[in-house]
Amino acid sequence: MSRVDSILTLLNIFHPSKPCYSQIRLIFGHSHKTNNKKLVMNLRSLCTIALCVLSITGCLSQSPQSYHPEEVKNGWKVSELGEQTINPGPIDDMYDELVANTYPGISSVLIARNNTLVFEAYFNDFNKDKLHSTRSASKAITSLLVGVAIDKQYIPSVDEPVFAYFPEYAGEIKNWDPRKSDISIAHVLSMTSGVKGNEDAMYPTDDWIKFYLDQPLVSDPGTSFSYATSGVVTLGNIITRASQMRIPEFADKFLFSPMGINEVRWPITNSRNSQGLAMTGGGLNMKPRDMAKIGQLLLNEGQWQGVQLVSKNWIKESTKKHSTSNFKGEDFGYLWRMRDRSINGKTIRSIEAWGNGGQFIMVFPDLELVAVFTGEYYGKFPEMEQAFGLVEEYILPAVE
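The rules behind each value
- Residues numbered from 1 in each chain as written.
- Predicted model: local features only at pLDDT ≥ 70, side-chain atom pairs only at ≥ 80, totals over all residues.
- Heavy atoms only, no water.
- Core = buried A, V, L, I, M, F, W, Y, C linked by side-chain atoms within 4.5 Å.
- Buried < 20%, exposed > 50% of the residue type's maximum accessible area, 1.4 Å probe, protein only.
- Helix = DSSP H or I, 4+ residues; strand = E, 2+ residues; numbered from the N terminus.
- Contact = heavy atoms within 4.5 Å.
- 1 Å grid on protein atoms, 1.4 Å probe; cavity = no way out; pocket = protein on both sides within 12 Å on 5 of 7 lines; lining within 4 Å.
- Points joined across faces, edges and corners; volume = space filled by probe spheres on them.
- Nonpolar A, V, L, I, M, F, W, Y, C, P; charged D, E, K, R; others polar.
- Pairing = 2+ DSSP bridges.
- Salt bridge = Lys/Arg side-chain N within 4 Å of Asp/Glu carboxyl O.

A closer look at the nonpolar core
Part 1 of the argument: By size, the foremost hydrophobic cluster in this structure holds 82 residues, and its most contacted members are Val162, Leu189, Leu255, Phe256, Ile294 and Val310.
Part 2 of the argument: With 8 residues, helix H5 (residues 139-151) is the single largest residue contributor to this core.
Part 3 of the argument: With sequence-adjacent residues up to four places away left out, isoleucine 294 is seen in contact with Ile141, Leu144, Phe256, Met259, Ile261, Met286, Trp336 and Ile361.

What about empty space enclosed by the protein?
In this approach a probe as big as a water molecule rolls over the atoms, and the regions it shows empty are the leftover space.
Part 1 of the argument: Applying the stated criterion across every chain yields a total of 2 cavities of 30 Å³ or more.
Part 2 of the argument: Within this model, the largest cavity holds a volume of roughly 60 Å³.
Part 3 of the argument: What lines the largest cavity is simply Ser136, Lys139, Ala140, Tyr227, Phe332, Leu335, Arg337, Ala353 and Trp354.
Part 4 of the argument: Elements with a contribution of two residues or more to the lining of the largest cavity: H5 and strand S11 (346-355).
Part 5 of the argument: For the lining of the largest cavity, a count of residues per class yields 6 nonpolar, 1 polar and 2 charged.
Part 6 of the argument: Taken as a whole, the second largest cavity spans an internal volume of roughly 40 Å³.

Some details on the pairing of strand S12 (residues 359-364)
Part 1 of the argument: Counted residue by residue, S12 has 6 buried out of 6 residues, so it is predominantly covered.
Part 2 of the argument: Along S12, one buried face is formed by Gln359, Ile361 and Val363 and the opposite face, lined by Phe360, Met362 and Phe364, is buried too.
Part 3 of the argument: Here 5 bridges tie S11 to S12, and the two strands are oriented antiparallel to one another. When the bridges of S12 are listed, tryptophan 354 appears paired with phenylalanine 360.
Part 4 of the argument: Taking the residues between adjacent antiparallel strands as the criterion, S11 and S12 are bridged by 3 residues, where glycine 357 takes a positive phi near 95°.
Part 5 of the argument: As paired elements, S12 and strand S13 (residues 369-375) share 5 bridges and run antiparallel to each other. Paired with phenylalanine 364 across the strands is leucine 369, a residue of S13.
Part 6 of the argument: Hairpin geometry of S12 and S13 is characterised by an intervening segment of 4 residues between the two adjacent antiparallel strands and by a positive phi of about 55° at glutamate 368.

Describing the layout of surface pockets
Part 1 of the argument: Approximately 700 Å³ is the volume found for the largest pocket.
Part 2 of the argument: Forming the walls of the largest pocket are 28 residues, and the residues nearest its centre are Ser136, Glu199, Tyr227, Thr229 and Asn356.
Part 3 of the argument: Those elements that provide at least two residues to the lining of the largest pocket are helix H7 (199-202) and S11.
Part 4 of the argument: Classifying every residue of the lining of the largest pocket by side-chain character gives 13 nonpolar, 9 polar and 6 charged.

What about the pattern of salt bridges?
Part 1 of the argument: By the definition in use, this model includes 19 salt bridges.
Part 2 of the argument: The partner of glutamate 330 in a salt bridge is arginine 337, and the shortest N-O contact between them spans 2.3 Å. In terms of burial, glutamate 330 and arginine 337 fall into one category: buried.
Part 3 of the argument: Between glutamate 352 and arginine 341 there is a salt bridge, and its shortest N-O distance comes to 2.7 Å. Taken together, the residues glutamate 352 in strand S11 and arginine 341 in strand S10 (residues 337-343) connect sequence positions 11 residues apart.
Part 4 of the argument: We classify glutamate 352 as buried; its relative accessible area is 0%.

See below:
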(Lines give C-alpha, C1' and ligand atoms only; values in the text may rest on other atoms or scores of the structure.)
Protein backbone atom coordinates (compact mmCIF):
# COMPACT_ATOMS: atom_id res chain seq x y z
CA MET A 1 0.00 0.00 0.00
CA SER A 2 1.35 3.45 -0.94
CA ARG A 3 1.78 6.25 1.58
CA VAL A 4 -1.11 8.11 -0.01
CA ASP A 5 -3.36 5.06 0.18
CA SER A 6 -2.44 4.62 3.84
CA ILE A 7 -3.48 8.19 4.63
CA LEU A 8 -6.64 7.85 2.59
CA THR A 9 -7.55 4.71 4.54
CA LEU A 10 -7.10 6.52 7.87
CA LEU A 11 -9.03 9.55 6.67
CA ASN A 12 -11.81 7.39 5.39
CA ILE A 13 -12.45 6.19 8.96
CA PHE A 14 -13.82 9.62 9.77
CA HIS A 15 -16.15 9.72 6.81
CA PRO A 16 -16.09 6.54 4.72
CA SER A 17 -18.34 7.72 1.90
CA LYS A 18 -17.22 7.27 -1.69
CA PRO A 19 -17.70 10.97 -2.54
CA CYS A 20 -15.33 12.05 0.22
CA TYR A 21 -12.75 9.43 -0.71
CA SER A 22 -12.95 10.47 -4.35
CA GLN A 23 -12.46 14.15 -3.55
CA ILE A 24 -9.40 13.45 -1.38
CA ARG A 25 -7.89 11.37 -4.18
CA LEU A 26 -8.30 14.35 -6.50
CA ILE A 27 -6.53 16.65 -4.01
CA PHE A 28 -3.49 14.41 -3.87
CA GLY A 29 -3.47 13.70 -7.60
CA HIS A 30 -3.50 9.98 -6.90
CA SER A 31 -4.39 7.58 -9.70
CA HIS A 32 -3.63 4.04 -10.79
CA LYS A 33 -1.35 5.51 -13.47
CA THR A 34 0.62 7.81 -11.15
CA ASN A 35 4.17 7.05 -10.03
CA ASN A 36 4.34 7.58 -6.28
CA LYS A 37 7.82 9.10 -6.67
CA LYS A 38 6.15 12.09 -8.28
CA LEU A 39 3.89 12.68 -5.29
CA VAL A 40 5.03 15.54 -3.12
CA MET A 41 3.80 14.95 0.38
CA ASN A 42 5.17 15.49 3.86
CA LEU A 43 3.51 13.17 6.35
CA ARG A 44 4.84 15.24 9.23
CA SER A 45 3.44 18.50 7.92
CA LEU A 46 0.66 19.90 10.07
CA CYS A 47 -0.41 22.00 7.11
CA THR A 48 -1.07 18.92 5.07
CA ILE A 49 -3.07 17.36 7.88
CA ALA A 50 -5.04 20.56 8.25
CA LEU A 51 -5.85 20.57 4.55
CA CYS A 52 -7.02 16.97 4.81
CA VAL A 53 -9.33 17.85 7.69
CA LEU A 54 -10.71 20.79 5.75
CA SER A 55 -11.23 18.54 2.75
CA ILE A 56 -13.18 16.06 4.85
CA THR A 57 -15.32 18.87 6.22
CA GLY A 58 -16.02 20.02 2.70
CA CYS A 59 -17.02 16.49 1.72
CA LEU A 60 -19.56 16.42 4.51
CA SER A 61 -21.28 19.52 3.18
CA GLN A 62 -20.80 19.29 -0.58
CA SER A 63 -19.94 15.88 -1.98
CA PRO A 64 -19.63 15.03 -5.66
CA GLN A 65 -22.14 12.52 -7.00
CA SER A 66 -21.53 8.93 -5.88
CA TYR A 67 -21.36 6.11 -8.39
CA HIS A 68 -22.82 3.39 -6.18
CA PRO A 69 -26.17 2.32 -7.73
CA GLU A 70 -29.28 3.12 -5.76
CA GLU A 71 -31.33 0.12 -4.65
CA VAL A 72 -34.72 0.46 -6.33
CA LYS A 73 -37.28 -2.10 -7.39
CA ASN A 74 -36.68 -2.17 -11.12
CA GLY A 75 -35.23 -5.63 -11.64
CA TRP A 76 -31.59 -4.88 -10.85
CA LYS A 77 -29.63 -6.22 -7.92
CA VAL A 78 -26.88 -3.82 -6.83
CA SER A 79 -23.58 -4.34 -5.06
CA GLU A 80 -20.14 -2.88 -4.49
CA LEU A 81 -17.50 -3.31 -7.17
CA GLY A 82 -15.32 -5.59 -5.08
CA GLU A 83 -18.16 -7.99 -4.44
CA GLN A 84 -18.17 -8.72 -8.18
CA THR A 85 -14.35 -8.91 -8.35
CA ILE A 86 -13.82 -5.53 -9.97
CA ASN A 87 -10.81 -3.55 -8.73
CA PRO A 88 -12.15 -0.20 -7.46
CA GLY A 89 -8.87 1.65 -8.19
CA PRO A 90 -9.22 2.12 -11.96
CA ILE A 91 -12.96 2.72 -11.60
CA ASP A 92 -12.34 5.42 -8.98
CA ASP A 93 -9.90 7.04 -11.38
CA MET A 94 -12.42 6.90 -14.21
CA TYR A 95 -15.06 8.48 -12.01
CA ASP A 96 -12.66 11.24 -10.97
CA GLU A 97 -11.90 11.99 -14.62
CA LEU A 98 -15.59 12.10 -15.45
CA VAL A 99 -16.34 14.41 -12.52
CA ALA A 100 -13.47 16.63 -13.67
CA ASN A 101 -15.10 16.74 -17.14
CA THR A 102 -12.05 15.22 -18.81
CA TYR A 103 -14.54 13.33 -20.97
CA PRO A 104 -17.06 16.06 -21.78
CA GLY A 105 -20.28 15.14 -23.49
CA ILE A 106 -20.80 11.86 -21.63
CA SER A 107 -24.09 11.91 -19.76
CA SER A 108 -24.14 8.45 -18.17
CA VAL A 109 -21.97 5.41 -17.50
CA LEU A 110 -23.30 2.14 -16.08
CA ILE A 111 -21.53 -1.15 -15.40
CA ALA A 112 -23.12 -4.49 -14.53
CA ARG A 113 -21.36 -7.73 -13.71
CA ASN A 114 -22.76 -11.11 -12.81
CA ASN A 115 -26.34 -9.84 -13.29
CA THR A 116 -25.65 -7.08 -10.78
CA LEU A 117 -25.40 -3.32 -11.24
CA VAL A 118 -22.15 -2.07 -9.69
CA PHE A 119 -21.55 1.39 -11.16
CA GLU A 120 -23.99 4.13 -12.14
CA ALA A 121 -23.12 7.77 -12.68
CA TYR A 122 -24.78 10.68 -14.46
CA PHE A 123 -23.38 13.96 -15.70
CA ASN A 124 -24.33 17.16 -17.54
CA ASP A 125 -27.73 17.54 -15.85
CA PHE A 126 -28.80 14.01 -16.77
CA ASN A 127 -30.19 11.51 -14.23
CA LYS A 128 -31.45 7.95 -13.92
CA ASP A 129 -35.11 8.88 -14.31
CA LYS A 130 -34.72 10.61 -17.69
CA LEU A 131 -35.17 8.96 -21.06
CA HIS A 132 -32.26 9.26 -23.47
CA SER A 133 -32.23 8.79 -27.22
CA THR A 134 -30.40 5.60 -28.13
CA ARG A 135 -30.07 6.67 -31.78
CA SER A 136 -28.85 3.70 -33.87
CA ALA A 137 -28.14 1.57 -30.79
CA SER A 138 -31.86 0.79 -30.93
CA LYS A 139 -31.27 -1.10 -34.19
CA ALA A 140 -30.01 -3.94 -31.99
CA ILE A 141 -33.38 -3.93 -30.20
CA THR A 142 -35.06 -4.24 -33.59
CA SER A 143 -32.88 -7.30 -34.17
CA LEU A 144 -34.21 -8.80 -30.94
CA LEU A 145 -37.78 -8.05 -32.03
CA VAL A 146 -37.23 -9.77 -35.38
CA GLY A 147 -35.94 -12.77 -33.44
CA VAL A 148 -39.06 -12.78 -31.27
CA ALA A 149 -41.28 -12.56 -34.37
CA ILE A 150 -39.52 -15.61 -35.79
CA ASP A 151 -39.63 -17.43 -32.44
CA LYS A 152 -43.39 -16.78 -32.27
CA GLN A 153 -43.77 -17.93 -35.92
CA TYR A 154 -45.15 -14.63 -37.14
CA ILE A 155 -42.27 -14.57 -39.62
CA PRO A 156 -41.20 -17.94 -41.07
CA SER A 157 -37.46 -17.20 -41.25
CA VAL A 158 -34.80 -14.64 -42.11
CA ASP A 159 -34.89 -15.94 -45.67
CA GLU A 160 -38.25 -14.26 -46.32
CA PRO A 161 -38.08 -11.79 -49.23
CA VAL A 162 -38.61 -8.20 -48.08
CA PHE A 163 -40.53 -6.97 -51.12
CA ALA A 164 -43.19 -9.67 -50.71
CA TYR A 165 -44.49 -7.81 -47.63
CA PHE A 166 -45.25 -4.64 -49.60
CA PRO A 167 -47.46 -5.57 -52.58
CA GLU A 168 -49.10 -2.11 -52.68
CA TYR A 169 -45.86 -0.65 -54.00
CA ALA A 170 -45.76 -2.92 -57.07
CA GLY A 171 -45.35 -1.00 -60.27
CA GLU A 172 -44.31 2.27 -58.65
CA ILE A 173 -40.85 1.46 -57.31
CA LYS A 174 -38.11 3.68 -58.70
CA ASN A 175 -34.81 2.26 -59.84
CA TRP A 176 -36.41 -1.16 -60.27
CA ASP A 177 -33.90 -3.96 -60.48
CA PRO A 178 -34.83 -7.68 -60.61
CA ARG A 179 -32.20 -8.30 -57.93
CA LYS A 180 -34.36 -6.41 -55.45
CA SER A 181 -36.67 -9.42 -55.34
CA ASP A 182 -33.77 -11.38 -53.83
CA ILE A 183 -33.34 -9.06 -50.83
CA SER A 184 -34.14 -11.06 -47.70
CA ILE A 185 -34.69 -10.12 -44.07
CA ALA A 186 -31.24 -11.59 -43.35
CA HIS A 187 -29.68 -9.19 -45.86
CA VAL A 188 -31.28 -6.21 -44.15
CA LEU A 189 -30.21 -7.42 -40.69
CA SER A 190 -26.60 -7.83 -41.83
CA MET A 191 -26.57 -4.60 -43.88
CA THR A 192 -25.83 -6.57 -47.05
CA SER A 193 -29.04 -5.84 -48.99
CA GLY A 194 -27.06 -3.94 -51.60
CA VAL A 195 -29.27 -0.88 -51.09
CA LYS A 196 -27.46 2.42 -50.76
CA GLY A 197 -28.29 3.94 -47.38
CA ASN A 198 -28.38 7.66 -48.20
CA GLU A 199 -29.89 8.25 -44.75
CA ASP A 200 -29.90 12.07 -44.74
CA ALA A 201 -32.04 12.06 -47.87
CA MET A 202 -34.60 9.79 -46.20
CA TYR A 203 -35.75 12.13 -43.43
CA PRO A 204 -37.43 14.83 -45.59
CA THR A 205 -39.42 12.29 -47.61
CA ASP A 206 -43.04 11.44 -46.76
CA ASP A 207 -42.68 7.64 -46.93
CA TRP A 208 -39.52 6.10 -45.48
CA ILE A 209 -40.43 2.56 -46.54
CA LYS A 210 -40.91 3.58 -50.14
CA PHE A 211 -37.64 5.48 -49.87
CA TYR A 212 -35.90 2.18 -49.06
CA LEU A 213 -37.64 0.27 -51.81
CA ASP A 214 -36.78 3.02 -54.31
CA GLN A 215 -33.04 3.17 -53.62
CA PRO A 216 -30.68 1.92 -56.33
CA LEU A 217 -28.64 -1.21 -55.69
CA VAL A 218 -24.91 -0.69 -55.37
CA SER A 219 -24.12 -4.41 -55.21
CA ASP A 220 -25.75 -7.83 -55.44
CA PRO A 221 -27.71 -8.68 -52.27
CA GLY A 222 -25.56 -10.59 -49.80
CA THR A 223 -22.19 -9.57 -51.26
CA SER A 224 -21.07 -6.39 -49.50
CA PHE A 225 -21.79 -4.10 -46.55
CA SER A 226 -23.94 -1.02 -47.13
CA TYR A 227 -25.40 0.71 -44.07
CA ALA A 228 -29.09 1.51 -44.59
CA THR A 229 -31.23 2.81 -41.74
CA SER A 230 -34.25 2.79 -44.05
CA GLY A 231 -33.95 -0.98 -44.29
CA VAL A 232 -34.29 -1.32 -40.51
CA VAL A 233 -37.32 0.99 -40.62
CA THR A 234 -38.77 -1.45 -43.14
CA LEU A 235 -38.08 -4.41 -40.82
CA GLY A 236 -40.28 -2.80 -38.18
CA ASN A 237 -43.18 -2.62 -40.61
CA ILE A 238 -42.62 -6.26 -41.60
CA ILE A 239 -43.03 -7.22 -37.93
CA THR A 240 -46.22 -5.15 -37.74
CA ARG A 241 -47.69 -6.65 -40.92
CA ALA A 242 -46.78 -10.19 -39.90
CA SER A 243 -48.05 -9.96 -36.31
CA GLN A 244 -50.87 -7.43 -36.75
CA MET A 245 -49.39 -5.53 -33.81
CA ARG A 246 -47.80 -2.13 -33.89
CA ILE A 247 -44.21 -2.09 -32.71
CA PRO A 248 -44.85 -0.44 -29.30
CA GLU A 249 -47.47 -3.09 -28.51
CA PHE A 250 -45.33 -5.94 -29.85
CA ALA A 251 -42.20 -4.79 -28.00
CA ASP A 252 -44.06 -4.21 -24.75
CA LYS A 253 -45.85 -7.56 -24.84
CA PHE A 254 -42.92 -9.79 -25.67
CA LEU A 255 -39.86 -7.90 -24.43
CA PHE A 256 -40.19 -4.71 -22.42
CA SER A 257 -42.98 -5.50 -19.99
CA PRO A 258 -41.48 -8.88 -18.92
CA MET A 259 -38.20 -7.05 -18.27
CA GLY A 260 -39.77 -4.30 -16.20
CA ILE A 261 -39.06 -1.69 -18.90
CA ASN A 262 -42.12 0.44 -18.31
CA GLU A 263 -41.29 3.73 -19.96
CA VAL A 264 -39.94 4.22 -23.48
CA ARG A 265 -40.70 6.64 -26.30
CA TRP A 266 -40.71 5.59 -29.94
CA PRO A 267 -40.19 8.23 -32.64
CA ILE A 268 -42.70 8.03 -35.50
CA THR A 269 -41.72 7.56 -39.14
CA ASN A 270 -43.02 9.36 -42.18
CA SER A 271 -45.23 6.81 -43.91
CA ARG A 272 -47.87 6.44 -46.58
CA ASN A 273 -51.24 7.64 -45.31
CA SER A 274 -49.56 8.77 -42.05
CA GLN A 275 -49.86 5.35 -40.45
CA GLY A 276 -47.98 6.38 -37.31
CA LEU A 277 -45.39 3.62 -37.60
CA ALA A 278 -42.71 3.41 -34.91
CA MET A 279 -39.19 4.26 -36.00
CA THR A 280 -37.27 0.99 -35.61
CA GLY A 281 -34.18 2.32 -37.40
CA GLY A 282 -33.04 4.45 -34.47
CA GLY A 283 -33.95 6.98 -31.83
CA LEU A 284 -35.86 4.87 -29.31
CA ASN A 285 -35.78 6.76 -26.01
CA MET A 286 -34.94 4.68 -22.93
CA LYS A 287 -33.49 5.00 -19.46
CA PRO A 288 -29.84 3.90 -19.23
CA ARG A 289 -30.73 1.24 -16.66
CA ASP A 290 -33.10 -0.26 -19.21
CA MET A 291 -30.42 -0.10 -21.89
CA ALA A 292 -28.26 -2.15 -19.51
CA LYS A 293 -31.10 -4.67 -19.22
CA ILE A 294 -30.96 -5.16 -23.00
CA GLY A 295 -27.24 -5.90 -22.69
CA GLN A 296 -27.87 -8.30 -19.82
CA LEU A 297 -30.59 -10.07 -21.82
CA LEU A 298 -28.06 -10.66 -24.59
CA LEU A 299 -25.42 -11.81 -22.13
CA ASN A 300 -27.90 -14.28 -20.60
CA GLU A 301 -28.64 -15.78 -24.03
CA GLY A 302 -32.13 -14.31 -24.24
CA GLN A 303 -33.16 -14.85 -20.62
CA TRP A 304 -34.28 -12.23 -18.14
CA GLN A 305 -34.55 -13.43 -14.55
CA GLY A 306 -34.89 -17.03 -15.68
CA VAL A 307 -37.55 -16.40 -18.34
CA GLN A 308 -36.57 -17.10 -21.97
CA LEU A 309 -37.78 -14.02 -23.87
CA VAL A 310 -35.66 -14.50 -26.99
CA SER A 311 -34.46 -17.93 -28.10
CA LYS A 312 -30.85 -18.90 -27.49
CA ASN A 313 -30.63 -19.83 -31.14
CA TRP A 314 -31.53 -16.28 -32.20
CA ILE A 315 -29.00 -14.74 -29.82
CA LYS A 316 -26.33 -17.03 -31.17
CA GLU A 317 -27.26 -16.40 -34.80
CA SER A 318 -27.59 -12.64 -34.46
CA THR A 319 -24.24 -12.21 -32.72
CA LYS A 320 -22.09 -14.20 -35.09
CA LYS A 321 -20.33 -12.59 -38.03
CA HIS A 322 -22.46 -12.16 -41.15
CA SER A 323 -20.56 -9.26 -42.72
CA THR A 324 -17.73 -6.78 -42.14
CA SER A 325 -18.55 -3.17 -41.37
CA ASN A 326 -17.05 -0.48 -43.56
CA PHE A 327 -16.82 1.86 -40.55
CA LYS A 328 -14.05 0.38 -38.39
CA GLY A 329 -13.80 -3.00 -40.04
CA GLU A 330 -15.56 -4.67 -37.11
CA ASP A 331 -17.52 -7.88 -37.48
CA PHE A 332 -21.22 -7.29 -38.04
CA GLY A 333 -23.98 -9.69 -37.04
CA TYR A 334 -27.70 -9.01 -37.21
CA LEU A 335 -27.52 -5.29 -36.28
CA TRP A 336 -24.95 -6.03 -33.55
CA ARG A 337 -21.25 -5.19 -33.90
CA MET A 338 -18.46 -7.41 -32.57
CA ARG A 339 -14.99 -6.18 -31.61
CA ASP A 340 -11.81 -7.66 -30.18
CA ARG A 341 -9.71 -5.64 -27.74
CA SER A 342 -6.26 -6.48 -26.43
CA ILE A 343 -6.08 -5.74 -22.69
CA ASN A 344 -3.06 -6.79 -20.62
CA GLY A 345 -2.07 -9.32 -23.25
CA LYS A 346 -5.53 -10.86 -23.45
CA THR A 347 -8.01 -10.61 -26.30
CA ILE A 348 -11.47 -9.67 -25.07
CA ARG A 349 -14.44 -10.06 -27.39
CA SER A 350 -17.42 -7.72 -27.15
CA ILE A 351 -20.86 -7.48 -28.71
CA GLU A 352 -22.00 -3.90 -29.10
CA ALA A 353 -24.85 -1.62 -30.14
CA TRP A 354 -23.73 1.81 -31.34
CA GLY A 355 -25.63 5.07 -31.66
CA ASN A 356 -24.73 8.54 -32.90
CA GLY A 357 -23.63 10.93 -30.16
CA GLY A 358 -22.07 8.28 -27.95
CA GLN A 359 -24.86 5.78 -27.21
CA PHE A 360 -23.42 2.34 -26.54
CA ILE A 361 -24.51 -1.00 -25.11
CA MET A 362 -21.42 -3.19 -24.75
CA VAL A 363 -21.51 -6.84 -23.73
CA PHE A 364 -18.39 -8.84 -22.79
CA PRO A 365 -19.52 -12.47 -22.54
CA ASP A 366 -16.24 -13.91 -21.22
CA LEU A 367 -16.25 -11.39 -18.37
CA GLU A 368 -19.99 -11.54 -17.55
CA LEU A 369 -19.88 -7.78 -18.01
CA VAL A 370 -22.19 -5.13 -19.48
CA ALA A 371 -21.30 -1.46 -19.94
CA VAL A 372 -23.67 1.29 -21.08
CA PHE A 373 -22.91 4.86 -22.13
CA THR A 374 -25.02 7.79 -23.26
CA GLY A 375 -23.56 10.94 -24.76
CA GLU A 376 -24.28 14.26 -26.41
CA TYR A 377 -21.68 14.44 -29.20
CA TYR A 378 -24.15 14.07 -32.06
CA GLY A 379 -22.48 13.96 -35.44
CA LYS A 380 -19.01 14.56 -34.01
CA PHE A 381 -16.10 12.19 -34.57
CA PRO A 382 -14.04 11.07 -32.75
CA GLU A 383 -15.64 12.77 -29.74
CA MET A 384 -18.62 10.43 -29.71
CA GLU A 385 -16.23 7.49 -29.31
CA GLN A 386 -14.94 8.53 -25.87
CA ALA A 387 -16.61 5.46 -24.41
CA PHE A 388 -14.06 3.26 -26.19
CA GLY A 389 -11.25 4.95 -24.25
CA LEU A 390 -13.05 4.55 -20.93
CA VAL A 391 -13.58 0.85 -21.59
CA GLU A 392 -10.01 0.19 -22.66
CA GLU A 393 -8.21 2.37 -20.11
CA TYR A 394 -10.29 1.86 -17.00
CA ILE A 395 -13.15 -0.65 -17.10
CA LEU A 396 -11.59 -3.74 -18.66
CA PRO A 397 -8.29 -3.45 -16.75
CA ALA A 398 -10.33 -3.33 -13.52
CA VAL A 399 -12.11 -6.64 -14.10
CA GLU A 400 -10.42 -9.49 -12.28
